[in-house]
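# A closer look at the structure
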Amino acid sequence: MEPITLEQAKKLTPGMTIFSRSDKNANGSPQRWKVSGKAQTWKKDPKRVSVPLKRGMYSYSHLTENNLWYFSLTDY
């Protein structure tokens, strides 16, 4: 599993699924996160990105340039 690159993160669209590289489910499979909104980028700082994520009913997070290596586009 390779980590998501900055360019791939900018192209994520709502409804896509990404996988955690570090956290696993009880059966050993990687946790799935759903992209729940549009990727936010900055014109003055092109190295920044923020993508809203959702997992389960109550878990929310953001994919940012600081935590790209936690996530992958493929599960294995």
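Here, the structure is the one placed above.
Computed from a predicted model, the values in this text were never measured in an experiment.

We now examine the overall build of the protein. Helices and strands together make up the secondary structure of the protein, namely one helix and six strands. Moving toward the C terminus, one meets the helices and strands of the protein in the order α-β-β-β-β-β-β. Radius of gyration (C-alpha) of the protein: 12 Å, near the 11 Å computed for a compact globule of 76 residues. A total of 76 residues make up the protein; the buried ones form 30% of that total. Within the protein, counting contacts between residues at least 6 apart in sequence, those at least 24 apart form 45% of the total. When the accessible surface of the protein is split by element, carbon and sulfur atoms take 52% of a total near 5,200 Å².

Note on soluble globular proteins: their nonpolar side chains tend to be buried together. Counting residues in each nonpolar core, the largest one holds 13 residues, and the members touching the most others are Ile4, Ile18, Val51, Leu53, Leu63 and Phe71. Residue assignment for this core shows that the elements contributing at least two residues are β2 (30–35) and β4 (49–55). Each residue touching Ile4, except ones within four places of it in the same chain, is listed here: Ala9, Ile18, Leu63, Leu68, Phe71, Ser72 and Leu73.

A few words now on the side chain of Ser72. For Ser72, the position within the fold is in strand β6 (residues 71–72). Here Glu2 takes part through its backbone oxygen, which lies 3.0 Å from a polar atom of the side chain of Ser72. A distance of 3.0 Å separates a polar side-chain atom of Ser72 from the backbone oxygen of Thr74. Apart from the residues within four sequence positions on either side, Ser72 is in contact with Met1, Glu2, Ile4, Ile18, Phe19 and Arg21.

Under the criterion given, the structure shown has two aromatic pairs. Plain terms: the ring middles of Trp33 and Phe71 are 6.2 Å apart, the flat faces sit at 90 degrees to each other, and that makes the pair edge-to-face. Of the two residues, Trp33 sits in strand β2 while Phe71 sits in strand β6, which places them 38 residues apart along the sequence. Both residues of the pair, Trp33 and Phe71, belong to the buried class. Here the basic side chain of Arg48 rests over the ring of Trp42, its NZ or CZ set 3.9 Å away from the ring centre.

When strand β1 (residues 17–24) meets β2, the two strands line up antiparallel, connected through four bridges. When the sheet's bridge partners are listed, Thr17 is paired in β2 with Lys34. Between β1 and β2, which pair antiparallel and follow one another directly, the connecting turn spans five residues, one of which, Gly28, has a positive phi of 95 degrees. Of the pairings in the sheet, the one linking β1 to β6 comprises two bridges and is antiparallel in character. Bridge pairing links Ser20 to Phe71 in β6.

What counts as what
- Residues numbered from 1 in each chain as written.
- Predicted model: local features only at pLDDT ≥ 70, side-chain atom pairs only at ≥ 80, totals over all residues.
- Heavy atoms only, no water.
- Helix = DSSP H or I, 4+ residues; strand = E, 2+ residues; numbered from the N terminus.
- Rg over C-alpha atoms; globule rule 2.2 N^0.38 Å.
- Buried < 20%, exposed > 50% of the residue type's maximum accessible area, 1.4 Å probe, protein only.
- Contact = heavy atoms within 4.5 Å.
- Areas by Shrake-Rupley, 256 points an atom, 1.4 Å probe, with all protein chains shown as cover.
- Core = buried A, V, L, I, M, F, W, Y, C linked by side-chain atoms within 4.5 Å.
- Polar contact = N/O pair within 3.5 Å; in protein donor to acceptor, adjacent residues only side chain to side chain.
- Phe/Tyr/Trp six-rings, centres within 6.5 Å; stacked < 30°, edge-to-face > 60°.
- Lys NZ or Arg CZ within 6 Å of the ring centre and 35° of its normal.
- Pairing = 2+ DSSP bridges.

Shape is all these values report; function is a separate question.
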